Amino acid sequence: MELQRERRYNKKSMKRKKVIPMQQTLPPAAADAERHRQERKAFLYLPLLALAVTVVVELFNHKSFTDGPAGFWRFMTEEPLAFLVNFLIVLLTLCPAFFLRRRAFWCALVSFLWLICGGVNGFILLNRMTPFTVADLTVFETGLDTVPNYLSTGYIILLIAALVLVAAGLVLLFWKGPRSSCPLRTRILTGIGAMAVSGALMGGGCALAFFTGNLSHQFANLAFAYEDYGFSYCFLQTWLNRGIRRPANYSQKAVADIVRSVEEKTAALSADPQMDVNVIFIQLESYIDPSMIQGLELSEDPVPNWTALKEAYSSGYLTVPVVGAGTANTEFEVLTGMNMRFFGPGEYPYKTILKQTDCESIASDLSKIGYATHVVHNNGGNFYSRTNAFSKMGFDTFTSKELMNITEYTPNGSWPTDDILVSETMKTFDATPNQSDFTYIITVGTHGDYPKEPVIENPTYTVSGVEDEGMKNAWTYYVNQLNEADRFIKELTDELSKRDEDTIVVMFGDHLPTMGLQNSDMKSGDIYKTKYITWNNMGLPKEDADLYAYQLLAQTTDTVGIHEGTIMNYHQTQMNSTDEASYQDGLDLLQYDILYGKRYCYNGTDLYPASDLVMGIDKVDITNVSDSSTGDTVYIYGHNFTNWSKVYINDSKVASTYLSAGVLAIKKEDISDGDEITVCQVGSSDTIFRKSENTYTYVDPAVEHDSESETDEPTENQ
């Protein structure tokens with residue numbers, strides 16, 4: 001009995017006390033054996049994980065999930081060394097796991113980042129012809145604004161939810177995941193060994209791949225390079241290979257010799273200068289003359305005005321640096337005369353060097369001889385950092401969509417129509433009656449995505465020769481938008497014809513549309529060739545020529561006898577040289593000297609500083625402020641308000657409603673007697689582009705004052 005009571009007592013005690021069982025401790029030899037087993041497993045698992053990640057990323061890169069495995073299989077079988085290098089790059093990024101206790105977390109994080117980059121690349125390739133580059137990360141925030149143009153709200157929600165779940169999983173893995181039991185010294189030695197071995201393998205693989213021609217540093221075609229060399233290698237190249245490399249023969253004497261030769265040849269040019277000529281350049285988004293496309297049959301010509309101008313005025317093929325996307329790089333070549341080939345692959349100078357330094361352009365050149373210079377673009381001013389870039393290039397004004405009263409959009413609802421650019425262009429002329437003008441217009445109406453479902457009821461222009469129904473719908477949409485752009489060209493040239501001012505207009509496509517076009521689909525045989533046409537009211541002779549984008553402005557200004565600018569004069573005097581290599585070498589020297597060198601061509605000075613860029617032509621002002629009859633709304637009256645006009649109370653933004661170009665509304669609760677009201681034109685990231693010319697002090701009618709304030713309801717006229 002006593003024994004039973006003692007046992008019952010012990011059981012109760014065990015329930016009351018939290019008993020911690022003794023952990024079994026492995027003998028030192030067994031513990032070492034277990035750690036060595038973990039290390040051996042890690043050396044096996046990491047290469048397998050790197051292989052799996054590389055395969056999935058390349059499946060995205062070669063669009064295997066949508067177009068089938070043929071492209072991926074060709075890459076694996078015909079470019080095995082390139083695949084090996086891509087595998088080793090991924091493996092090298094996984095090897096730091098050996099240094100860490102949370103190895104599983106590191107491997108999951110790095111794998112997730114590679115897969116996200118691969119997935120983004122695959123998505124981008126479905127919507128444009130240029131793959132995902134590090135430069136795209138520099139326009140990430142403004143790029144997000146265009147996502148709704150390509151994905152439905154439902155897909156966006158699912159994507160966000162998936163990213164949140166993955167992020168939560170990574171946090172949980174970090175907190176609760178397995179940890180290595182190896183001591184720090186062992187982890188450091190193992191990590192160094194793993195990094196050394198994988199690094200040596202990658203170095204050897206790269207050397208062999210370069211030797212056999214499976215890899216290259218030069219990407220003549222970025223899209224083809226990704227297909228031939230693999231995503232991981234090319235993506236890293238767009239990060240590491242940036243800017244213009246210092247030419248081997250760069251020196252003060254070499255630059256001086258070029259400048260002297262150009263000056264001598266420029267002095268010999270005999271054309272009479274016509275400094276009172278207005279110059280307009282129209283960069284047409286994703287515009288291609290449909291007659292250039294093999295096998296595309298149209299019910300009728302959707303661009304009759306373009307066709308007529310092509311026959312009557314100077315025109316030709318234009319070789320641009322990008323295809324399917326990358327508008328800013330064609331723009332950069334045209335405005336500066338610089339060749340993008342000398343920059344890193346996929347680089348946007350707007351987002352790299354022009355963030356740091358000013359850059360001579362046609363705007364700064366023409367400003368020196370008295371021109372007023374403008375940009376007009378019916379899209380966001382911050383996209384591609386254009387506001388900063390146009391200042392660095394010396395423009396006087398930039399009218400972006402935030403400064404326009406836009407009311408009409410394309411049938412897919414994604415982009416403003418281009419007809420508003422006619423009146424906005426005329427404003428640039430009217431604002432400077434005593435100056436000649438250079439106005440650079442950038443359209444957006446023909447921008448993708450091109451819907452594969454019918455969105456235009458009874459389209460005027462129909463297509464045939466396209467078997468896939470979705471692509472047929474996309475082409476139908478596109479050619480009808482081409483017609484809208486063609487009508488804009490007609491309206492603009494008609495308006496210019498009414499003005500008693502000598503004017504030359506140059507129109508060109510910035511790149512091909514994202515329709516999966518290949519060289520064999522083009523009558524030119526080259527997907528990097530678009531076309532340019534011209535118009536003038538001066539009786540200039542028709543002189544057709546095929547040009548590169550960086551030669552277009554030099555050719556145009558030479559036509560009217562304007563010989564101004566370092567790069568422009570270089571092209572005017574050297575572009576017809578029979579020694580193409582020497583011509584390109586000289587251009588390389590000048591570009592490096594201006595952007596990265598000591599500016600020997602300017603005698604070491606800064607001849608073309610950034611301008612104080614003014615956003616928009618129209619002044620915004622406030623004329624009156626009054627309360628509604630109900631007392632819950634305050635109306636702000638003024639001039640030139642737009643959908644991007646925001647009300648600031650004492651320099652703090654409050655919620656406002658755009659009612660018309662003359663009326664904005666805010667809630668009464670957001671303002672008090674004596675508050676200062678300002679109206680600002682606001683771009684993405686709350687960038688204030690322009691403020692109202694005046695600040696208005698609010699007088700609350702409910703507060704006693706010496707004189708009563710009038711209370712008016714807004715009218716349509718206001």
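Now for a look at the structure at hand.

What counts and what doesn't
Residues numbered from 1 in each chain as written. Predicted model: local features only at pLDDT ≥ 70, side-chain atom pairs only at ≥ 80, totals over all residues. Heavy atoms only, no water. Helix = DSSP H or I, 4+ residues; strand = E, 2+ residues; numbered from the N terminus. Buried < 20%, exposed > 50% of the residue type's maximum accessible area, 1.4 Å probe, protein only. Areas by Shrake-Rupley, 256 points an atom, 1.4 Å probe, with all protein chains shown as cover. Pairing = 2+ DSSP bridges. Phe/Tyr/Trp six-rings, centres within 6.5 Å; stacked < 30°, edge-to-face > 60°.

### Let's talk about the overall build of the chain
Alright, step 1. Across its full length, the chain holds 22 helices and 20 strands.
Alright, step 2. A burial count over the chain gives 51% of its 718 residues as buried.
Alright, step 3. Accessible area for the chain stands at about 33900 Å²; split by element, carbon and sulfur atoms hold 54% of it.

### Section: the sheet that holds strand β5 (residues 397–399)
Alright, step 1. Within the open sheet, the nine strands sit side by side as β10-β3-β9-β8-β1-β6-β4-β5-β11. Their pairing is mixed. In this open sheet, the two strands that pair with only one neighbour each are β10 (547–548) and β11 (614–615).
Alright, step 2. In this sheet, strand β9 (residues 529–536) lies alongside strand β3 (residues 315–319) in antiparallel orientation, the contact comprising five bridges. Residue pairing for β9: Gly316 is matched across the bridge by Tyr532.

### Here's the deal with the packing of aromatic side chains
Alright, step 1. For the structure on display, the rule yields 29 aromatic pairs.
Alright, step 2. The interplanar angle of 40° and the centroid separation of 6.5 Å between the aromatic rings of Phe438 and Tyr440 together place this pair among those described as tilted. Each member of the pair, Phe438 as well as Tyr440, is classed as buried.
Alright, step 3. Judged by centre distance (5.2 Å) and plane angle (70°), the ring pair of Tyr450 and Tyr478 falls under edge-to-face. Taken as a pair, Tyr450 in the loop between β6 (437–442) and β7 (463–464) and Tyr478 in helix α19 (residues 469–497) lie far apart in primary sequence, 28 residues in all.

### Focus: unusual backbone geometry
Alright, step 1. Here the bond from Gly448 into Asp449 is cis, since omega is 10°, no more than 30 degrees from zero.
Alright, step 2. Within the element layout of this structure, Asp449 appears in the loop between β6 and β7.
Alright, step 3. Even without being glycine, Arg599 reaches a positive phi, approximately 55°.
Alright, step 4. Looking at the element boundaries, Arg599 is found in the loop between α22 (580–595) and β11.
Alright, step 5. Exposure remark for Arg599: the relative accessible area of 11% places this residue in the buried category.

The quantities given are spatial measurements derived from coordinates; they are silent on function.
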